[in-house]
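# Structure assessment
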Amino acid sequence: MTRANCIVAACLVLGWLAPVARAQGVIQEFNYEVQITAWETKSGEVVTSSAHKAALKAIATDFSSTATYAGINHDDTSKVALAIKDAGYFSVKSQGVIAKWSTGEVRFAWDDSNQFATVASTLKPELISLQLERLPSITVVVDPVPPVDYLVEINGERVRTTDKGKYRVDVGDVVVRVTRASRQDCLWKGTLQAGAEQQVACKL
């Protein structure tokens, strides 16, 4: 056995090369729903259903455009986009992709390494964070602090209240309604663009 072989053998015994081998096998394995929940926990913000859909739609659109350009089969592209919008599970390997969603599954292999490098970049778990952070945010500030019995609705959706009171919403028209028993409703309406930050102050 040569010196080089001895070094490799020793590394394998010690487990030093195992992480490299795994890294070369499964590049990414994740679920978008889990990624969104993790982002909420880390940021202390609440992702509304409209923001949830908008972020996933943006990722799906980017994937579809890149996959079509790279020559991925149209049917496979459509199914993966559906899995993204459904916040499904993904296993992205150097050999190919497995995507699962609530009503289906799709598998396909890359034609070559260039296709893998180009398209796999649109299927990364961290992309959900980038998309959410691009969306507008609303911070609800309630006085007195905290009236534990107040309720918050954004575009008709009841959202949970938090100490931070910050919510991610989709771009466009937004209606915020904060209610508390025996108090007049606090109402805000406006149109928000990507990246906008809006504070809604309510005296309840």
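Let me sum up the structure you'll find in this document. (Residues numbered from 1 in each chain as written. Predicted model: local features only at pLDDT ≥ 70, side-chain atom pairs only at ≥ 80, totals over all residues. Heavy atoms only, no water.)

### Observations regarding the sheet that holds strand E6 (residues 137–143)
Formally: Only when DSSP finds a minimum of two bridges between them are two strands counted as paired. A run of H or I in DSSP counts as a helix once it spans at least four residues, and a run of E counts as a strand once it spans at least two, with each numbered from the N terminus.
Sheet architecture is open: four strands sit in the order E2-E9-E6-E12, paired in mixed fashion. At either end of the open sheet lies a strand with only one pairing partner, and these are strand E2 (46–47) and strand E12 (197–203).

### So, the side chain of Gln-115
Definition in use: Whether a residue is buried, partly exposed or exposed follows from its accessible area with a 1.4 Å probe, protein chains only, as a fraction of its type maximum: under 20%, in between, or over 50%, in that order.
Along the chain, Gln-115 turns up in helix H6 (residues 113–120). Judged by relative accessible area, Gln-115 falls into the buried class, the value being 4%.

### So, the packing of helix H4 (residues 49–70) against helix H7 (residues 127–134)
To be explicit about the condition: In this description, a line fitted to the C-alpha atoms serves as the axis of each element, helices being fitted only across the stretch in contact, and the angle between N-to-C directions of two axes falls anywhere from 0 to 180 degrees. By definition in this entry, angles of less than 35 degrees are roughly parallel, angles greater than 145 are roughly antiparallel, angles of 65 to 115 are roughly perpendicular, and the rest are oblique. For any helix crossing, the convention is left-handed if the near helix is rotated counterclockwise from the far helix by under a right angle, and right-handed if that rotation is clockwise. By definition, residues are in contact when any of their heavy atoms lie within 4.5 Å. As a working rule, the residues Ala, Val, Leu, Ile, Met, Phe, Trp, Tyr, Cys and Pro are called nonpolar, Asp, Glu, Lys and Arg charged, and the rest polar, with Gly in that last group.
For the pair H4 and H7, the least separation of the axes is 9 Å and the interaxial angle reads 125 degrees. On the basis of the axis angle, H4 is oblique to H7. Handedness of the H4/H7 crossing: right-handed. Residues Ala-51, Ala-55, Leu-56, Ala-58 and Ile-59 of H4 form the contact with H7, whose participating residues are Leu-127, Ile-128, Gln-131 and Leu-132. Considering only residue class, the contact of H4 with H7 consists of eight nonpolar, one polar and no charged.

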